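# An overview of the molecular structure
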2 protein chains.
Amino acid sequence: MNGFGSAFLLAQVGAHAAQRFAERIGELDLTPAQVGLLRLVATRPGQSQQAIAAQLGTQPTRLVALVDGLEKRGVLERHRNPEDRRLYALQLTDDGRELMSRIAIEAVAHERALTAALSNDERGVLRELLTKIADEQGLQPGVHPGYAGGRLS
Amino acid sequence: MNGFGSAFLLAQVGAHAAQRFAERIGELDLTPAQVGLLRLVATRPGQSQQAIAAQLGTQPTRLVALVDGLEKRGVLERHRNPEDRRLYALQLTDDGRELMSRIAIEAVAHERALTAALSNDERGVLRELLTKIADEQGLQPGVHPGYAGGRLS
DNA sequence: TATTGTTATACTCTATAACTATA
DNA sequence: TATAGTTATAGAGTATAACAATA
């Protein structure tokens, strides 16, 4: 029992969760920003870099180096859009899809390790409460500021 | 209902909580790092800069500019320790204590706004679950990585 | 010689603005 | 003229190492 409210605990445990996840995917030579990008491309393939930048809440210029690295690594591809040759359509390669499955394995292990103190019922309650907060606060599912890495506006 | 686990939700909601709190204290012309420092000095006055750096999980060199700014502002004071003149003993001024009470007011308002979607009972359950996780994960009460602001190691 | 606090240097990261090509 | 993507420049922020004062 201490004097800290749930808002402080949320920030503290949330930052810890992000750090531990970053360590895990760091073993796959990935950064949180790269995982955020890969996740968006996997969920909705064919989007332009600017569309993805808007969803990540980051600047379009940041995507250039981000996509460069993942493309050089062979997990992501730029395809020119024939209808508008200014746009790229980003898509995963076969290696990219395999990488995503390895990320998913890490995410499951991370989830289990982080909530090791909770029972299955408690895990469900926690997710329910957090979902309520996220909905009321207008947070977009699947994206969080850690992916952007930017400063506070 | 989405496919994201409670670990992801924790990171997402936690980052959102930290951002909103940073916005609030930003209206008091304070950064999260400054608040973390002030909180430690208020809780245990008289500590050296290196002792505080260790608790914040940051480098001692960062504290110089941090303390400089707050001292110039008149909320914090460096007192030489007579027993060991290498050490400073950091203490709040009267203005500093007044500032802390204003921070506390913001913290309460922040808490209420962030958990507006929950009932009082649910708020208690959330705090209980988060405390369980924080204890099991070995997190120190009252300090979180947002105060350090550093990169992942 | 070891330690506290300070300063100086280099490095990383980000944001802003110009530039190329396509429309 | 407007937009997608790229590149270049400058700025903020951090870490590392060297330095002065004290033990």
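As a reminder, the structure under discussion sits directly above these lines.
Note that this is a predicted model, so its numbers are computed, not measured.

### Some details on the overall build of chain A
- Helix and strand counts for chain A stand at 7 helices and 2 strands.
- Put simply, chain A runs from its N terminus to its C terminus through helices and strands in the order α-α-α-α-β-β-α-α-α.
- Projected onto the principal axes, the alpha-carbon positions of chain A cover approximately 60 × 30 × 25 Å.
- By residue count, 44% of the 153 residues in chain A fall in the buried class.
- Counting only contacts in chain A whose residues sit at least 6 apart along the sequence, the fraction spanning at least 24 positions is 54%.
- If you sum the accessible surface of chain A, you get close to 8,100 Å²; carbon and sulfur atoms cover 50% of it.
- Averaging the locations of the 18 positively and 18 negatively charged side chains of chain A gives two centres separated by 4 Å.

### Here we look at the side chain of Ser6(A)
- Position of Ser6(A) relative to the elements: it lies in helix α1 (residues 6–26).
- Within the structure, the side chain of Ser6(A) is placed 2.5 Å from the side chain of Glu111(B), a separation counted as a polar contact.

### Some points on helix α3 (residues 49–56) of chain A
Residues and elements named next belong to chain A.
- Of the residues making up α3, those classed as buried are Gln 49, Ile 52, Ala 53 and Leu 56. The buried residues of α3 occupy an angular sector of 105 degrees when the element is viewed end-on, so they sit on one face. Exposed residues lying more than 90 degrees from the buried face of α3 are Gln 50 and Ala 54.
- Note on α3: the residue one or two positions beyond its end, Gly 57, has a positive phi of about 70 degrees.

### What to know about the relation of the copies chain A and chain B
- Least-squares fitting of chain A to chain B yields an RMSD of 0.0 Å, with the superposition described by an axial translation of 0.0 Å and a rotation of 180 degrees. The superposition operator between the copies reduces to a two-fold rotation axis. Minimal C-alpha separation from the rotation axis in chain A is found for Gly14(A), amounting to 2.2 Å.
- Comparing interface residues between copies, 100% of those in chain A also lie at the interface in chain B; the contact surface is shared.

### Quick word on the protein's contact with DNA strand D
- Around DNA strand D, a shell composed of 15 residues is seen, among which Gln49(A), Gln50(A), Arg78(A), Arg85(B) and Arg86(B) lie nearest.
- Each atom of DNA strand D within 4 Å of the protein was classed as base or backbone; sugar and phosphate made up 68%.
- Arg78(A) places a polar side-chain atom, nitrogen or oxygen, 3.1 Å from a phosphate oxygen of DNA strand D.
- Classifying every residue of the surface near DNA strand D by side-chain character gives 3 nonpolar, 6 polar and 6 charged.

### Notes on the protein's contact with DNA strand C
- As a matter of local geometry, DNA strand C sits amid 16 residues, with Arg85(A), Arg86(A), Gln49(B), Gln50(B) and Tyr88(B) nearest to it.
- In DNA strand C, atoms within 4 Å of the protein come 69% from sugar and phosphate.
- In the model, a phosphate oxygen of DNA strand C is placed 3.2 Å from a nitrogen or oxygen of the Arg78(B) side chain.
- Contacts to DNA strand C include Tyr88(B), whose backbone N or O atom sits 3.1 Å from a phosphate oxygen.
- Counting only elements with at least two residues in the surface near DNA strand C, the list comes to α4 (60–72) of chain A together with α3 (49–56) and α4 (60–72) of chain B.

### A closer look at the environment of Leu118(B)
- Looking at where Leu118(B) falls in the secondary structure, it is placed in the loop between α5 (94–114) and α6 (120–136).
- For Leu118(B), a relative accessible area of 6% gives the class buried.

### Description of the pattern of salt bridges
Residue and element names in this part refer to chain A.
- Overall, the coordinates contain 14 salt bridges over all chains when judged by the stated rule.
- We note a salt bridge from Arg 78 to Glu 71, for which the minimum N-O separation is 2.7 Å.
- Look at Arg 78 and you get buried, because its relative accessible area is 19%.
- Overall, Glu 71 belongs to the partly exposed group, its relative accessible area being 30%.

What counts, and at which threshold
- Residues numbered from 1 in each chain as written.
- Chains lettered and ligands numbered in written order.
- Predicted model: local features only at pLDDT ≥ 70, side-chain atom pairs only at ≥ 80, totals over all residues.
- Heavy atoms only, no water.
- Helix = DSSP H or I, 4+ residues; strand = E, 2+ residues; numbered from the N terminus.
- Buried < 20%, exposed > 50% of the residue type's maximum accessible area, 1.4 Å probe, protein only.
- Contact = heavy atoms within 4.5 Å.
- Areas by Shrake-Rupley, 256 points an atom, 1.4 Å probe, with all protein chains shown as cover.
- Lys, Arg positive; Asp, Glu negative; His and termini not counted.
- Charge placed at Lys NZ, Arg CZ, Asp CG, Glu CD.
- Polar contact = N/O pair within 3.5 Å; in protein donor to acceptor, adjacent residues only side chain to side chain.
- Arc of directions from axis to C-beta.
- Least-squares fit on C-alpha atoms with pLDDT ≥ 70 in both.
- Near = heavy atom within 4 Å.
- Nonpolar A, V, L, I, M, F, W, Y, C, P; charged D, E, K, R; others polar.
- Salt bridge = Lys/Arg side-chain N within 4 Å of Asp/Glu carboxyl O.

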